[in-house]
Each structure stands twice: as C-alpha cells, then as structure tokens.
Amino acid sequence: MPRLEPGMARIRVKDLRLRTYIGINEDEVLNRQDVLINLTVLYPAVAAVRDNDIDRALNYRTITKAIIQHVEQNRFALLERLTQEILDLVMAHPAVSHAEVEVDKPHALRFADSVSITLAGCR
C-alpha cells in the first residue's frame, strides 16, 4: 500500500461478511459459503474535506452495496477470480487512485482459520 500523502484519504472497509458460491468441489458448488472481505482504498479528499460535501467524497456505501450485490448474485470457482472482480468494481470509480482487496474463505483448510487472497490496483 502506498504511503498516505497529504490530501489523500484512506478508506478501510473491514470484515464485510457475505455468502456466495465459491469453490470447485461438489459441496462448494451446491452450497453458499461465508467469505470475509477487506478493502483499502486511497483517493484525493481535498475537495471533500474543504467543502464538507458527500458529492465531493468517495461514497464507500455505494461501493460496498455494489460489492454485496455482485458477490451474492454470482458464482466463483477461485478466490483469485472473486477478488479480482471486487477490485475491478472498486477501481471503476474514477476517484480511486489505489485499492487493495483481500478475500478470506473461512474453514477452507482443516487446520486453518481461513485462506485469503489479496490483490491490488492503482492508477
């Protein structure tokens, strides 16, 4: 993650818990599973701070709603694909200069709490 420069804002969405079809095994294809999503987004916030105006800020609620809809209405074979599609949704906002998306799949391995994939994008 790049260093936070003056005038930039870092938004973090932590532990967004969703259910989706994720995996390649028969049980995974037939049943929804929990995924845990963490986002970190950088964007220039000078105008939002100066004007105290939501129209000048990056609306994290709008981004989160789009992620929820996409994840819950689709199927994914790989964590990599799910993570990339979420990153693409975030990077579609022109104000975003950098983003990281981490997706955890709890209980993917017998003796581990979860397995996760992290991908990043920047302009």
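Residues numbered from 1 in each chain as written. Predicted model: local features only at pLDDT ≥ 70, side-chain atom pairs only at ≥ 80, totals over all residues. Heavy atoms only, no water.

(A) Quick look at the packing of aromatic side chains. This structure, assessed with the given rule, holds zero aromatic pairs. Residue placement shows arginine 75 over the ring face of tyrosine 21; its charged tip is 3.7 Å from the ring centre. (Phe/Tyr/Trp six-rings, centres within 6.5 Å; stacked < 30°, edge-to-face > 60°. Lys NZ or Arg CZ within 6 Å of the ring centre and 35° of its normal.)

(B) Spotlight on the packing of helix 3 (residues 60-72) against helix 4 (residues 79-91). As a packed pair, helix 3 and helix 4 sit with axes 10 Å apart at the nearest point and diverge in direction by 150 degrees. Considering how the two elements wind past one another, helix 3 and helix 4 form a crossing that is right-handed. When helix 3 is examined against helix 4, the residues Ile63, Ala66, Ile67, His70 and Val71 are found in contact with a partner set consisting of Leu82, Glu85, Ile86, Leu89 and Val90. (Axes fitted to C-alpha atoms, helices over the stretch in contact; angles between N-to-C directions. Helix = DSSP H or I, 4+ residues; strand = E, 2+ residues; numbered from the N terminus. Left-handed = near helix turned anticlockwise from the far one by under 90°. Contact = heavy atoms within 4.5 Å.)

(C) View of the pairing of strand 2 (residues 33-44). Burial of strand 2 is extensive: ten of the twelve residues sit out of reach of the surface. The pairing of strand 1 (residues 8-22) with strand 2 spans eleven bridges and is classified as antiparallel. Considered in strand 2, the bridge of arginine 17 is made with leucine 36. (Buried < 20%, exposed > 50% of the residue type's maximum accessible area, 1.4 Å probe, protein only. Pairing = 2+ DSSP bridges.)

(D) Empty space enclosed by the protein, seen in detail. Tallying each qualifying case throughout the model produces one cavity of 30 Å³ or more. What the largest cavity holds in volume is close to 40 Å³. Contributing to the lining of the largest cavity are Ile11, Val13, Leu39, Val41, Leu58, Tyr60, Ile63 and Thr64. Elements represented by at least two residues in the lining of the largest cavity include exactly strand 1, strand 2 and helix 3. With three residues, helix 3 is the single largest residue contributor to the lining of the largest cavity. Among the residues making up the lining of the largest cavity, the classes are represented as seven nonpolar, one polar and no charged. (1 Å grid on protein atoms, 1.4 Å probe; cavity = no way out; pocket = protein on both sides within 12 Å on 5 of 7 lines; lining within 4 Å. Points joined across faces, edges and corners; volume = space filled by probe spheres on them. Nonpolar A, V, L, I, M, F, W, Y, C, P; charged D, E, K, R; others polar.)

(E) Main features of unusual backbone geometry. With phi around 50 degrees, asparagine 52 is a residue other than glycine that occupies positive phi space. By relative accessible area, which is 73% here, asparagine 52 ends up exposed. The phi dihedral of histidine 107 is positive, around 65 degrees, even though this residue is not glycine. Tracing the chain through its elements places histidine 107 in the loop between strand 4 (98-106) and strand 5 (114-122). Residue histidine 107 is classed as exposed on the basis of its relative accessible area of 68%.

(F) Region of interest: the sheet that holds strand 4. With mixed pairing, the five strands of this open sheet are ordered in space as 3-1-2-4-5. Two strands in the sheet have a free side with no partner beyond their single neighbour: strand 3 (75-76) and strand 5. Strand contacts of helix 3: strand 1, strand 2 and strand 3, with the helix running at about 20 degrees to strand 1, the strand carrying the most contacts.

(G) Geometry of helix 4. With 13 residues, helix 4 should reach 18 Å at 1.5 Å per residue; the first-to-last C-alpha distance of 18 Å fits that figure. Taken together, the buried positions of helix 4 are Leu79, Leu82, Thr83, Glu85, Ile86, Leu87, Val90 and Met91. Buried residues belonging to helix 4 abut strand 1, strand 2, helix 3, strand 3, strand 4 and strand 5. (Expected span 1.5 Å × (residues − 1).)

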